Amino acid sequence: MTNADPMDRQPVHDDYERARSTFHRLLEQATDADLARRTDGTRWTNKQLLWHMLFGYMIVLRLLFLVRVFGRLPDGAGRWFARLLNAATVPFDLVNYLGPVGAAKVYGPRRMAARFDRVTGRLDRRLAAESEAALGRGMHYPVRWDPFFQDFMTLADLYRYPTQHFDFHHRQLTLDEED
């Protein structure tokens, strides 16, 4: 399945840069006590949630491959795969929670910031190189895994996803931000 609407890429590039700048500012201004504080609405600390926000961008790099595969298969294959993943929501939720708990012990603020730069840079470059036909290709997603996953998303939708995820979780941080 494909979507023939052309994508305006500049807003996505701008959103990546805004998120990158915000991420750096959050990490630079946060004290160790700030990073250890619980977030609003999650079981994570601020540091763990910041890593999860970074991971939202990292996972898109992996999902790009899946869209390229399932976007070329019959629609039924993608629906079957999405149903299978939805059935695995409970173990996914556990891994999704424990991943940031462990990663935050390994990744300090400087390392997280550097990784954020590398990941958003790769996404920027890949988005710039995508053909319109590729951006219109899509696949079915496990809608129970994330509130921003739709039943069917194009590659263009997938490039927009990590900043939606970032912005949602940014509101849950309990860091004292300076404007």
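For the structure itself, consult the block above.
Conventions and cut-offs
Residues numbered from 1 in each chain as written. Predicted model: local features only at pLDDT ≥ 70, side-chain atom pairs only at ≥ 80, totals over all residues. Heavy atoms only, no water. Helix = DSSP H or I, 4+ residues; strand = E, 2+ residues; numbered from the N terminus. Contact = heavy atoms within 4.5 Å. Expected span 1.5 Å × (residues − 1). Buried < 20%, exposed > 50% of the residue type's maximum accessible area, 1.4 Å probe, protein only. 1 Å grid on protein atoms, 1.4 Å probe; cavity = no way out; pocket = protein on both sides within 12 Å on 5 of 7 lines; lining within 4 Å. Points joined across faces, edges and corners; volume = space filled by probe spheres on them. Axes fitted to C-alpha atoms, helices over the stretch in contact; angles between N-to-C directions. Parallel < 35°, antiparallel > 145°, perpendicular 65-115°, else oblique. Left-handed = near helix turned anticlockwise from the far one by under 90°. Nonpolar A, V, L, I, M, F, W, Y, C, P; charged D, E, K, R; others polar. Core = buried A, V, L, I, M, F, W, Y, C linked by side-chain atoms within 4.5 Å.

On to the environment of valine 69. Within the element layout of this structure, valine 69 appears in helix H3 (residues 46–70). Put simply, valine 69 and methionine 139 are 70 residues apart on the chain and 8.8 Å apart in space, counted from C-alpha to C-alpha.

Take glutamine 172: it is sitting in the segment after helix H8 (155–170). Residues within four places of glutamine 172 in sequence aside, it is in contact with Thr39, Asp40, Gly41, Thr42 and Leu49.

The next thing to look at is helix H1 (residues 10–29). Under the 1.5 Å per step criterion, the end-to-end length of H1 is 28 Å for 20 residues, consistent within 8% with the ideal 28 Å. Taken together, the buried positions of H1 are occupied by Val12, His13, Tyr16, Ala19, Thr22, Phe23, His24, Leu26 and Leu27. Its buried side turned inward, H1 meets H3, helix H6 (109–129) and H8.

Next up on the list: empty space enclosed by the protein. Under the defined criterion, the tally for this structure stands at 2 cavities of 30 Å³ or more. Along the walls of the largest cavity sit 10 residues, with Phe70, Asp75, Gly138, Met139 and Phe152 positioned nearest its centre. Residue assignment for the lining of the largest cavity shows that the elements contributing at least two residues are helix H4 (75–87) and strand E1 (138–140).

It is worth spelling out the packing of H1 against H3 at this point. Contact pair H1 / H3: the axes reach a minimum separation of 12 Å and the direction vectors enclose 160°. Taken as axis vectors, H1 and H3 run roughly antiparallel relative to one another. Note on packing geometry: the crossing formed by H1 with H3 is left-handed. Contacts between H1 and H3 involve Tyr16, Ala19, Phe23, Leu26 and Leu27 from the first element and Leu50, Leu54 and Tyr57 from the second. Tallied by class, residues from the contact of H1 with H3 come to 8 nonpolar, no polar and no charged.

Right, let's get into the nonpolar core. In this structure, Leu50, Leu123 and Tyr159 are the most contacted members of the largest nonpolar core, which totals 48 residues. Sorting the residues of this core by element identifies H1, H3, H4, helix H5 (89–106), H6, helix H7 (132–136) and H8 as the ones contributing at least two each. In terms of residue count, the dominant contributor to this core is H3 (13 residues). Excluding residues that lie within four positions of it along the chain, leucine 123 makes contacts with Tyr16, Tyr57, Val60, Leu61, Leu64 and Tyr159.

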